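# An overview of the molecular structure
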Amino acid sequence: QVEGSLPEELSYEDVLTISGSPVREGYSFDYWTAVPEGQKIEFVSVTRDQTVTVYAHWTPKEYKVTYETGDGPRVEDTYYNCGADVDQYPKDVNGHAYEPGVTTTADGHYTFEKWNPKLPTIMPAHDVKETAVWTPVKFSITFMLGNEN
């Protein structure tokens, strides 16, 4: 989306100036190029009856994932570019991955179940806050009544 409007027709010697910048959610506009991922162009010369295409060059914006772990091992905030793959097993401050059914609280009474809401696989164009969901660890207790072996 580019702000403003373009004329329906241009005469041979008319100059078209694009003012403003195109808008793309999660990205910053850098410049126009003549080919995808090309170098910045300042102007384009066009001959009669020629069609010209210019391409926007974008830089992804950075967004933050915040992890609320409660009594579990702390996870540092992580920053990702919009559109980047998000690590599905973030590491705690000791370098251990948060894995369902494996990671436990310091007292060992709870096991990590999942992130709520579900951790995105691709970073969206906004910050994300994740909360760890913990499941109590089940213990078996055997009572011995008397002299049983």
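Relevant structure appears above.
Bear in mind that the values here come from a model prediction, so they are computed numbers and not experimental data. (Residues numbered from 1 in each chain as written. Predicted model: local features only at pLDDT ≥ 70, side-chain atom pairs only at ≥ 80, totals over all residues. Heavy atoms only, no water.)

### Concerning the sheet that holds strand S4 (residues 78–81)
Here 4 strands make up an open sheet; going across it, the order is S4-S3-S6-S5 and the pairing mixed. At either margin of the open sheet sits one strand with a lone partner, and together these are S4 and strand S5 (110–116). Each neighbouring strand pair of the sheet contributes to a mean axis angle of 30 degrees, computed without reference to strand direction. Both S5 and strand S6 (residues 128–136) contribute to a ladder of 6 bridges, which runs antiparallel. What sits directly across from Phe 112, in S6, is Trp 134. (Pairing = 2+ DSSP bridges. Helix = DSSP H or I, 4+ residues; strand = E, 2+ residues; numbered from the N terminus. Axes fitted to C-alpha atoms, helices over the stretch in contact; angles between N-to-C directions.)

### As for the nonpolar core
Judged by nonpolar contacts, the single largest core of 16 residues is most densely connected at Val 65, Tyr 67, Trp 115 and Met 123. For this core, the elements supplying multiple residues, two or more each, are strand S3 (62–68), S5 and S6. The residues touching Met 123, leaving out its near neighbours within four places in the chain, are Tyr 63, Lys 64, Val 65, Tyr 80, Asn 81, Cys 82, Gly 83, Ala 84, Val 86 and Val 128. (Core = buried A, V, L, I, M, F, W, Y, C linked by side-chain atoms within 4.5 Å. Buried < 20%, exposed > 50% of the residue type's maximum accessible area, 1.4 Å probe, protein only. Contact = heavy atoms within 4.5 Å.)

### Regarding unusual backbone geometry
Cis geometry marks the peptide bond from Asn 116 to Pro 117, where omega comes out at 0 degrees. Relative to the helices and strands, Pro 117 resides in the loop between S5 and S6. The backbone of Glu 37 shows a phi angle near 60 degrees, a positive value even though the residue is not glycine. Among the structural elements, Glu 37 can be located in the loop between strand S1 (27–33) and strand S2 (55–60). We classify Glu 37 as exposed; its relative accessible area is 67%.

### Here we look at a nonpolar patch on the surface
Side chains of Leu 16, Ile 18, Val 44, Val 46, Val 52 and Val 54 sit close together on the surface and give an oily, nonpolar patch of about 410 Å² of accessible area. Mapped onto the elements, Leu 16 comes out in the segment before S1. By relative accessible area, Leu 16 is classed as partly exposed at 41%. (Patch = residues over 30% accessible without salt bridge, like charges linked within 9 Å, V, L, I, M, F, W, Y side chains within 5 Å. Areas by Shrake-Rupley, 256 points an atom, 1.4 Å probe, with all protein chains shown as cover. Salt bridge = Lys/Arg side-chain N within 4 Å of Asp/Glu carboxyl O.)

### What about the packing of aromatic side chains?
For the coordinates displayed, the defined rule picks out 8 aromatic pairs. Where Phe 29 meets Trp 58, the ring centres are 5.7 Å apart and the plane angle is 75 degrees; that geometry is what we call edge-to-face. Highlighted residues: Phe 29 in strand S1 and Trp 58 in strand S2, separated in sequence by 29 residues. Look at Phe 29 and you get partly exposed, because its relative accessible area is 21%. Put simply, the rings of Tyr 67, Tyr 98, Phe 112, Trp 115 and Trp 134 pair up and form one aromatic cluster. Arg 24 extends its terminal NZ or CZ atom over the ring of Tyr 27, reaching a point 3.9 Å from the ring centre. (Phe/Tyr/Trp six-rings, centres within 6.5 Å; stacked < 30°, edge-to-face > 60°. Lys NZ or Arg CZ within 6 Å of the ring centre and 35° of its normal.)

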